[in-house]
Amino acid sequence: MSMRGIFCQTTATTNEEYRKELKDRNGWLLFMAIGGAGEAAAAALAESGGTLSIPDYMLGVYCGTGAGIMVAAIVLYIRNLFLLKDEEKLKKSRLENYDERNQEIRNKALLAAVKILLVVCFVTAMVGGIFYPYLIKMLLFVIYVFLFSYLIANAYYKRRM
């Protein structure tokens, strides 16, 4: 029942602190499930209404993405409920997610993934921009938002830590 994913790190040192974190996460998971259901429903309505000229492929992407987010959020929500009911599993999960070695592995993996993502976005923008000029603007905008967000977050955490 461990949850050593990107968003699973914890600073909780007691089971009660961890329990509170999981309850907060469950609130966000419910929000995500509702949002995913809303996205899937909107795509289904757009398809059945026929008033919008959205390609069938994109309707499928929207519906599938919404359904996927909804299902994943519900599965994680249920998983957290099981953790909250079993004190031993709760403690084991907290220790695995608090473990410094696992946090360092996650940090290094996340940093590597971010670097790869930025390179792929840039290459896609440059090559895709030849065929779809608007694509270069969109992807470079995403890169700029990321870099600007990083600078702000970096400055914030330098002052806070």
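Residues numbered from 1 in each chain as written. Predicted model: local features only at pLDDT ≥ 70, side-chain atom pairs only at ≥ 80, totals over all residues. Heavy atoms only, no water.

Describing the packing of aromatic side chains
Worth spelling out the cut-off: Within 6.5 Å between ring centres, the rings of Phe, Tyr and Trp (the latter by its six-membered ring) count as paired, and their orientation is classed by plane angle as stacked under 30 degrees, edge-to-face over 60, tilted in between. Only runs of H or I of at least four residues qualify as helices and only runs of E of at least two qualify as strands under DSSP, and these elements are numbered from the N terminus. Throughout this description, buried means an accessible area under 20% of the type-specific maximum (1.4 Å probe, protein chains only), exposed means over 50%, and partly exposed covers the range between.
Applying the stated criterion across every chain yields a total of two aromatic pairs. With a centroid separation of 5.9 Å and an interplanar angle of 90°, the aromatic rings of Trp-28 and Phe-31 are classed as edge-to-face. Taken together, the positions of Trp-28 and Phe-31, both in helix 1 (residues 15-49) and three residues apart, correspond to about one turn of that helix. Exposure remark for Trp-28: the relative accessible area of 59% places this residue in the exposed category. You can call Phe-31 exposed: its relative accessible area is 56%.

Observations regarding the side chain of Asn-15
Our working definition: Two N or O atoms count as a polar contact when they lie within 3.5 Å, although within protein this holds only if one can serve as hydrogen donor and the other as acceptor, and sequence-adjacent residues are included solely when both atoms are side-chain atoms.
With respect to the helices and strands, Asn-15 occurs in helix 1. For Asn-15, a relative accessible area of 12% puts it in the buried group. In this structure the side chain of Asn-15 is engaged in a polar contact, spanning 2.9 Å, whose partner is the side chain of Glu-87.

Things to note about the packing of helix 1 against helix 3 (residues 87-98)
Filter applied, for reference: Note on definitions: angles span 0 to 180 degrees between N-to-C directions of axes, and those axes are lines fitted to C-alpha atoms, for helices only across the stretch in contact. The labels follow the angle: roughly parallel below 35 degrees, roughly antiparallel above 145, roughly perpendicular from 65 to 115, and oblique for the rest. Contact criterion: two residues are considered in contact whenever any of their non-hydrogen atoms come within 4.5 Å of each other. Polar here means any residue outside two lists: the nonpolar Ala, Val, Leu, Ile, Met, Phe, Trp, Tyr, Cys and Pro, and the charged Asp, Glu, Lys and Arg; Gly therefore counts as polar.
In the contact formed by helix 1 and helix 3, the axes pass within 10 Å of each other and the chain directions differ by 85°. Between helix 1 and helix 3, the crossing angle belongs to the class labelled roughly perpendicular. Two secondary-structure elements touch here, helix 1 through Asn-15, Tyr-18, Arg-19 and Leu-22 and helix 3 through Glu-87, Leu-90, Lys-91, Ser-93, Arg-94 and Asn-97. In terms of residue class, the contact of helix 1 with helix 3 is built from three nonpolar, three polar and four charged.

A few points about the nonpolar core
Threshold: Side-chain atoms within 4.5 Å are what join buried Ala, Val, Leu, Ile, Met, Phe, Trp, Tyr and Cys residues into a set we call a nonpolar core.
Counting six residues, the largest nonpolar core is built from Ala-12, Tyr-18, Leu-22, Leu-83, Leu-84 and Leu-90. Residue assignment for this core shows that the elements contributing at least two residues are helix 1 and helix 2 (56-85). Core analysis: the next-biggest nonpolar cluster, separate from the first, contains five residues, Cys-121, Leu-139, Leu-140 and Ile-143 among them.

What to know about the pattern of salt bridges
Keep this limit in mind: Definition used for salt bridges: Asp or Glu carboxyl oxygen within 4 Å of a side-chain nitrogen of Lys or Arg.
Applying the stated criterion to the full structure yields five salt bridges. Notably, a salt bridge pairs Glu-16 with Arg-19, separated by 3.3 Å at the nearest N-O pair. Of this pair, Glu-16 and Arg-19 both sit in helix 1, three residues apart, which is roughly one turn of the helix. When its relative accessible area of 12% is taken as the criterion, Arg-19 is described as buried. A salt bridge links Glu-104 to Lys-108; the nearest nitrogen and oxygen atoms lie 3.9 Å apart. You can see Glu-104 and its partner Lys-108 sitting in helix 4 (residues 100-131), four residues apart, about one turn around the helix. By relative accessible area, Glu-104 is classed as partly exposed at 41%.

Examining helix 2
What counts, and what does not: Each helix should span, by expectation, one fewer than its residue count multiplied by 1.5 Å.
Here helix 2 spans 43 Å end to end across 30 residues, near enough to the 44 Å set by a 1.5 Å rise per residue. Its buried side turned inward, helix 2 meets helix 1 and helix 3.

Concerning the confidence of the model for the protein chain
Where we set the bar: For every residue, the predictor assigns a confidence score, pLDDT, that lies between 0 and 100.
Summary statistics for the protein chain give a mean pLDDT of 88 and a share of 94% for residues scoring 70 or more. Of all helices and strands in the protein chain, the one with the weakest mean pLDDT is helix 3 (86), whereas helix 2 scores best (93).

Some words on helix 4
When the terminal C-alpha atoms of helix 4 are compared, their 46 Å separation across 32 residues agrees well with the 46 Å that a helix rising 1.5 Å per residue should span. Every buried residue belonging to helix 4 is among Asn-102, Gln-103, Arg-106, Cys-121, Ala-125, Gly-128 and Gly-129, and all of these are buried. Tucked into the core, helix 4 has its buried residues touching helix 3 and helix 5 (133-160).

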